[in-house]
Amino acid sequence: MNRSLETAAHPQGLKRVAIEPVSRVEGHGKVTILLDEQHRVQQVRLHIVEFRGFEKFIEGRPYWEVPVMVQRLCGICPVSHHLAASKALDHVVGALPVTPSADKIRRLMHYGQVMQSNALHFFHLASPDLLFGFDSEVNRRNIVGVAEAHPDIARKGVMLRKFGQEVIRVTAGKRVHGTGSVPGGVNKHVSAADREMLQRDVAQMTAWARDAVDIAKQLHAQNPALYDSFGTCRSNMLSLVRADGALELYDGVIRARDAAGAILFDGASDQGYLDLIEEEVKPWSYMKFPFLKSLGPAAGWYRVGPLARLQNCDFVPSPLAESERREFLDWGHGEPIHAPLAYHWARMIEVLHCMEVIAELLDDPDILAGERMAGGARRRGGIGVIEAPRGTLIHHYEVGDDDLVTMCNLIVSTTHNNQAMNEAVRSVAREYLDGQELTEGLLNHIEVAIRAYDPCLSCATHALGQMPLEVSLIDARGETLDRVRRSSQGELQRGAVG
Amino acid sequence: MKTGVLVFGWGNASRGDDALGPLCVERLREACADLPGVEFLDDYQLQVEHALDLVGRERILFIDASLGAPAPFEVVPVTAAARPEIGTHALSPSALLQVYRAVQGEDAPPSTLLAIRGQAFELGAAPSAAALRHLDAAVAWALNWLAAPAASRRRELPPTSSAETLPTGA
């Protein structure tokens, strides 16, 4: 582990490099690196903007509005918030459980969301680095470059995304601001025509998902040393699993394993997450650092997301993806895989699994007919936990007698991975930046490590011209010595500060 | 069946002036309810799969909030460009057209960006008064654009000038 790089012993005499914002990451992230006179790395920190404003945004609203409102927290995974909120509020309306039709339609929506989001990450955000190289020409290292050099890969990425969006549309009711899931169930069935439309494409999408797994596998095989070591740090892993230990993305019990793969706890109810997880506050970061209570903050931090899920479960309950998971595990030679770049491989296995689940659900008559809503004794609060594309997502609400939300607590996937991402960038900084003259390509190595986790910083604001990348070299007195600015058009400008 | 004209706005309705894109689409949709051959779409962000929404169109109007546009708005012809995407999961209009070219093997239909000046993007905030004034002006321009014959619109937007800012009509 690289905890020694979290805080430098004598920061007063060090140069500061800031990467702000981190590119191809949703929202605003910043990396600061302190260097000594010999360019030796002394401190590395990933800073991410605060999420608390989102909770205040929800508090005071009628609970039945919440599953729709929370979609506005994030333009990337609105469906995950939609469903986590619905699951939490099922408790408030006493819908325990929801009906089979509601459960299956929500699952269909969720697996469509995970599939398309994972596909977007791999094909759009990660593939430029993986296909061209981390320090390849910056003007080529983007989705447009991929589309020109590998049009077949780009096309598959687009079509997988489109299919996932169609699954969301037919289950949520609309392309955006869907209202399909409500506290207690769903408000519509899938139509027979929509089901047939989706079924026509299932075989092709499944085939492309298998191709995507093969691409990820080939990348590992071509450069195993890089893929095994880049940003690697050992950690605990946490996720939902089904009661029988199967991979489960929509609803299950909480399981955690230590870095060696031994189970720390299993079968824990999601309603008791506060007994399992605590969040540490650090003075230099707005975002909290969750840890397992039983291990404490120093040893209890953990990973979530595809890499954790595939290794936390005992099996994948779909044949093609299970076969791929076994091959993936073989890569670790009996040891858990902790390499951040392995997230991409795990992510593509999940895409394949999602397609298998989608195919199965589309054949299920319960999505076309049956009771949509359930209800029961009213409760004052509820917790909904779901495996979002990037990892475990927790929604927790309390509701007053007037139906207004009085308390909202959200722990998003990126927060769970906060410490893991910090450890990854420290590992990369020590390996690649230490003692080197900084270049854009070297700094991109830092960003590659962060992007492996696909952090979504939940910022759907994206107005034109808002997202430059700026790297500043600042001396111990706070004066800027050098600055490299990458404009929103991708042009690099370097020179003295005017 | 797809219509000849696509009006596509994007933004987050709960992020202050970021709502300008969807609000403009909403206003145009209401005003053009009886206008045949026009489809209105909105989303949070431009994403790769939106390239498929452009297929088979005669022409396209993109609408977004902009921090860099002069008030009240600017109108820019969009051409496909192999520009890197910085800082977000989303695409720029020019990158979307480039993705279209890669996926479809041909150039995208003629496309125009209506960039409406915004300034405040806080979560939970309503659009600012200034932004709403800019929206009024942008809607008026867009209604004229929709009503004008295609030939005159092509003369209006020289395709070789992807960076050129045209008169805003303000």
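Everything numeric here is computed off the predicted structure, so don't read it as measured data.

Reading the values: the criteria
Residues numbered from 1 in each chain as written. Chains lettered and ligands numbered in written order. Predicted model: local features only at pLDDT ≥ 70, side-chain atom pairs only at ≥ 80, totals over all residues. Helix = DSSP H or I, 4+ residues; strand = E, 2+ residues; numbered from the N terminus. Buried ≥ 20, exposed ≤ 12 C-beta atoms within 10 Å, placed from the backbone. Contact = placed C-beta atoms within 7 Å. Domains from an automatic or database assignment. Nonpolar A, V, L, I, M, F, W, Y, C, P; charged D, E, K, R; others polar. Axes fitted to C-alpha atoms, helices over the stretch in contact; angles between N-to-C directions. Left-handed = near helix turned anticlockwise from the far one by under 90°. Pairing = 2+ DSSP bridges. Parallel < 35°, antiparallel > 145°, perpendicular 65-115°, else oblique. Core = buried A, V, L, I, M, F, W, Y, C linked by C-beta atoms within 7 Å. Expected span 1.5 Å × (residues − 1). Right-handed = clockwise from strand over helix to strand, strands pointing away. pLDDT = per-residue confidence, 0-100.

## Overview of the overall build of chain B
Line of reasoning, step 1. When you go through chain B residue by residue, the secondary structure sums to four helices and five strands.
Line of reasoning, step 2. Order of helices (α) and strands (β) in chain B, N terminus to C terminus: β-α-β-β-β-α-β-α-α.
Line of reasoning, step 3. Looking at the 170 residues of chain B, the share that counts as buried comes to 52%.
Line of reasoning, step 4. A sequence separation of at least 24 residues applies to 75% of the contacts in chain B between residues at least 6 apart.

## Concerning the overall build of chain A
Line of reasoning, step 1. When helices and strands are tallied, chain A shows 16 helices and 17 strands.
Line of reasoning, step 2. Looking at chain A alone, contacts between residues at least 24 apart form 71% of all its contacts between residues at least 6 apart.

## As for the domain arrangement of chain A
All names here are of chain A.
Line of reasoning, step 1. When cut into domains, chain A gives domain 1 (3-48 + 422-495) and domain 2 (97-231 + 344-371).
Line of reasoning, step 2. Each side of the interface is counted separately: domain 1 has 16 residues, and domain 2 has 11 residues.
Line of reasoning, step 3. If one sorts the elements of the side of domain 1 that touches domain 2 by residue count, helix H16 (residues 440-451) sits on top with eight residues.
Line of reasoning, step 4. Looking at the side of domain 1 that touches domain 2 residue by residue, the class counts come to seven nonpolar, five polar and four charged.

## Side note on the packing of helix H6 (residues 151-172) of chain A against helix H7 (residues 192-222) of chain A
All names here are of chain A.
Line of reasoning, step 1. Axis separation between H6 and H7 bottoms out at 10 Å; the angle between their running directions is 145 degrees. Between H6 and H7 lies a crossing of left-handed hand. Where H6 approaches H7, its residues Lys156, Met159, Leu160, Phe163, Glu166, Val167 and Val170 are matched on the opposing element by Asp194, Leu198, Asp201, Met205, Trp208 and Asp211.
Line of reasoning, step 2. For the contact of H6 with H7, the class distribution of residues is eight nonpolar, no polar and five charged.

## As for the sheet that holds strand S1 (residues 5-10) of chain B
Residue and element names in this part refer to chain B.
Line of reasoning, step 1. Spatial strand order, S2-S1-S3-S5-S4: five strands in an open sheet with mixed pairing. Strands with a single pairing partner mark the edges of an open sheet, and in this sheet they are strand S2 (38-43) and strand S4 (73-78). Taken over all neighbouring pairs, the strand axes of this sheet differ in orientation by 20 degrees on average, direction set aside.
Line of reasoning, step 2. Pairing geometry for S1 and strand S3 (residues 59-66), over five bridges, is parallel. Bridging from a neighbouring strand, Gly9 pairs with Ile63 of S3.
Line of reasoning, step 3. Sitting on the sheet, helix H1 (residues 20-31) is in contact with S1, S2, S3 and strand S5 (111-117), with an inclination near 140 degrees to S1.

## A word on the packing of H1(B) against helix H3 (residues 129-147) of chain B
Residues and elements named next belong to chain B.
Line of reasoning, step 1. The contact between H1 and H3 brings their axes to 10 Å, and the two run at 45 degrees. On the basis of the axis angle, H1 is oblique to H3. Two packed elements cross with a definite hand, and for H1 against H3 that hand is right-handed. In contact with Leu20, Leu23, Cys24, Arg27, Leu28 and Ala31 of H1, H3 contributes Ala131, Leu135, Ala138, Val139, Ala142 and Leu143.
Line of reasoning, step 2. For the contact of H1 with H3, the residue count by class is 11 nonpolar, no polar and one charged.

## Remarks on unusual backbone geometry
Line of reasoning, step 1. Omega for the bond connecting Leu96(A) with Pro97(A) falls within 30 degrees of zero, at 5 degrees, which places this linkage in the cis form.
Line of reasoning, step 2. Tracing the backbone shows Pro97(A) in the loop between helix H3 (78-92) and helix H4 (100-132).
Line of reasoning, step 3. The step from Ala71(B) to Pro72(B) runs through a cis peptide bond, and the omega angle for that step is 0 degrees.
Line of reasoning, step 4. In this structure, Pro72(B) sits in the loop between S3 and S4.
Line of reasoning, step 5. At His333(A), a residue that is not glycine, the phi angle is positive and equals roughly 50 degrees.
Line of reasoning, step 6. Mapped onto the elements of the fold, His333(A) is located in the loop between helix H12 (319-331) and helix H13 (342-362).
Line of reasoning, step 7. Note on His333(A): 7 C-beta atoms within 10 Å, which makes it exposed.

## Section: the nonpolar core
Line of reasoning, step 1. Core analysis: the largest hydrophobic core is formed by 191 residues, its most contacted members being Ile358(A), Val425(A), Cys24(B), Val99(B), Leu114(B) and Ile116(B).
Line of reasoning, step 2. Mapping this core onto the domain boundaries places at least three of its residues in each of domain 1 (3-48 + 422-495) and domain 2 (97-231 + 344-371) of chain A.
Line of reasoning, step 3. Ignoring sequence-local partners within four residues, the contact set of Ile116(B) consists of Leu20(B), Cys24(B), Ile63(B), Ala65(B), Ser66(B), Ala69(B), Pro72(B), Phe73(B), His134(B), Leu135(B) and Ala138(B).

## Observations concerning the pairing of strand S14 (residues 405-411) of chain A
Residue and element names in this part refer to chain A.
Line of reasoning, step 1. Sheet topology places strand S13 (residues 391-399) next to S14; six bridges connect them, and they run antiparallel. Following the sheet pairing, Glu398 is matched in S14 by Met407.
Line of reasoning, step 2. Where S13 hands over to S14, the hairpin turn is made up of five residues, of which Asp403 adopts a positive phi near 75 degrees.

## With respect to the sheet that holds strand S6 (residues 236-241) of chain A
Residue and element names in this part refer to chain A.
Line of reasoning, step 1. Taken together, the four strands give an open sheet; going across it, the order is S8-S7-S6-S11, and neighbouring strands pair in mixed fashion. Here the strands that pair on one side only, and so sit at the sheet edges, are strand S8 (263-268) and strand S11 (302-303).
Line of reasoning, step 2. Across two bridges, the pairing between S6 and S11 is parallel. What sits directly across from Met237, in S11, is Arg303.

## Regarding H3(B)
Line of reasoning, step 1. In this model, H3(B) (19 residues) spans 28 Å end to end at C-alpha, consistent with the 27 Å of a helix rising 1.5 Å per residue.
Line of reasoning, step 2. Three or more residues of H3(B) are buried, namely Ala131(B), His134(B), Leu135(B), Ala138(B), Val139(B), Trp141(B), Ala142(B) and Trp145(B).

## Digging into the pairing of S2(B)
Residue and element names in this part refer to chain B.
Line of reasoning, step 1. Bridge analysis of S1 against S2 gives six bridges, and the strand direction is parallel. Paired with Phe8 across the bridge in S2 is Leu41.
Line of reasoning, step 2. Read from S1 through H1 to S2, the crossover connection turns out right-handed.

## With respect to helix H15 (residues 418-433) of chain A
Within an α-helix, residues lying three or four positions from one another point in the same direction, as the helix has 3.6 residues per turn.
Line of reasoning, step 1. Taking 1.5 Å of rise per residue, 16 residues should cover 22 Å, and H15(A) covers 21 Å from first to last C-alpha, within 8% of that figure.
Line of reasoning, step 2. The positive-phi residue at the C-terminal boundary of H15(A) is Gly435(A), with phi of around 80 degrees.

## Topic: the environment of Phe73(B)
Line of reasoning, step 1. Examined against the element boundaries, Phe73(B) turns out to sit in strand S4.
Line of reasoning, step 2. Placed 31 residues apart in sequence, Phe73(B) and Asp42(B) show a C-alpha to C-alpha distance of 19 Å.

## So, the confidence of the model for chain B
All names here are of chain B.
Line of reasoning, step 1. Overall, the predicted model of chain B reaches an average pLDDT of 83, with 82% of residues at or above 70.
Line of reasoning, step 2. Within chain B, the lowest mean pLDDT, 53, falls on helix H4 (residues 150-156), and the highest, 97, falls on H3.
Line of reasoning, step 3. In this model, residues 155-170 is a region of pLDDT below 50 whose contacts with residues beyond four sequence positions or in other chains number 25 contacts.
Line of reasoning, step 4. Per the prediction output, this complex has pTM 0.87; the corresponding ipTM is 0.77.

## A word on the environment of Val158(A)
Line of reasoning, step 1. One can find Val158(A) in helix H6.
Line of reasoning, step 2. Measuring from C-alpha to C-alpha, the distance between Val158(A) and Val357(A) comes to 20 Å, with 199 residues separating the pair along the chain.
Line of reasoning, step 3. Not counting residues within four places of it along the chain, the set of residues in contact with Val158(A) comprises Val48(B), Glu49(B), Ala51(B), Leu52(B), Val99(B) and Val103(B).

## Structural notes on the environment of Ser101(A)
Line of reasoning, step 1. Summarising the element assignment, Ser101(A) is placed in helix H4.
Line of reasoning, step 2. Aside from chain neighbours lying at most four places away, what touches Ser101(A) is His189(A), Asp366(A), Ile367(A), Gly370(A), Glu371(A) and Arg372(A).

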